[in-house]
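# Remarks on the overall topology
As a plain string of letters, each chain reads:
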Amino acid sequence: MPEPAEPIRVLLADDQQLLRAGFRVILGSEPGIEVVGEAADGVEAVELAGSLRPDVVLMDIRMPRLDGLSATEHLVRVPGGPRVVVLTTFDLDEYVVRALRAGAYGFLLKDTPAARLVGRCGPRRTATR
């Protein structure tokens, strides 16, 4: 019988505690996904990503101290670093373009169905992690 795969480790980065709690419930209830931490701003997200080594960071765009796009740029420069999925309430083409230029793996709106959120954070892994 094959050994079960290690869970995909997810870090949540959003300045709104209630949204982080909701994402934790959605993602944490999925087999194969483990929420390993929460950050309330971009600085904390970069720091926690360094110590927790998540596979995926779910990153809000607008946060205090360091916005999500700048934090994404930091994280994608780290060899073997996490994939970053940018998340926002603002459906603006400018944000999509800026997120992808920053190196984001994906971009989702906060009104995205839960199944799509899980799909973006879940089953795929990078070859280097």
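The following refers to the structure shown. (Residues numbered from 1 in each chain as written. Predicted model: local features only at pLDDT ≥ 70, side-chain atom pairs only at ≥ 80, totals over all residues. Heavy atoms only, no water.)

## Section: unusual backbone geometry
In this model, R53 sits at a positive phi of 50 degrees, which is unusual for a non-glycine residue. Tracing the backbone shows R53 in the loop between α2 (42–52) and β3 (56–60). Backbone geometry places R65, a non-glycine residue, at a positive phi of 65 degrees. Note that R65 resides in the loop between β3 and α3 (68–76). Looking at R65, the relative accessible area reads 63%, which means it is exposed. (Helix = DSSP H or I, 4+ residues; strand = E, 2+ residues; numbered from the N terminus. Buried < 20%, exposed > 50% of the residue type's maximum accessible area, 1.4 Å probe, protein only.)

## Some words on the environment of A45
Among the secondary structure elements, A45 is positioned in helix α2. Classification of A45 by relative accessible area gives buried; the value is 0%. It is 5.9 Å that separates the C-alpha atoms of A45 and A13, two residues lying 32 residues apart in sequence. Setting aside its immediate chain neighbours within four residues, A45 contacts L11, A13, A39 and M59. (Contact = heavy atoms within 4.5 Å.)

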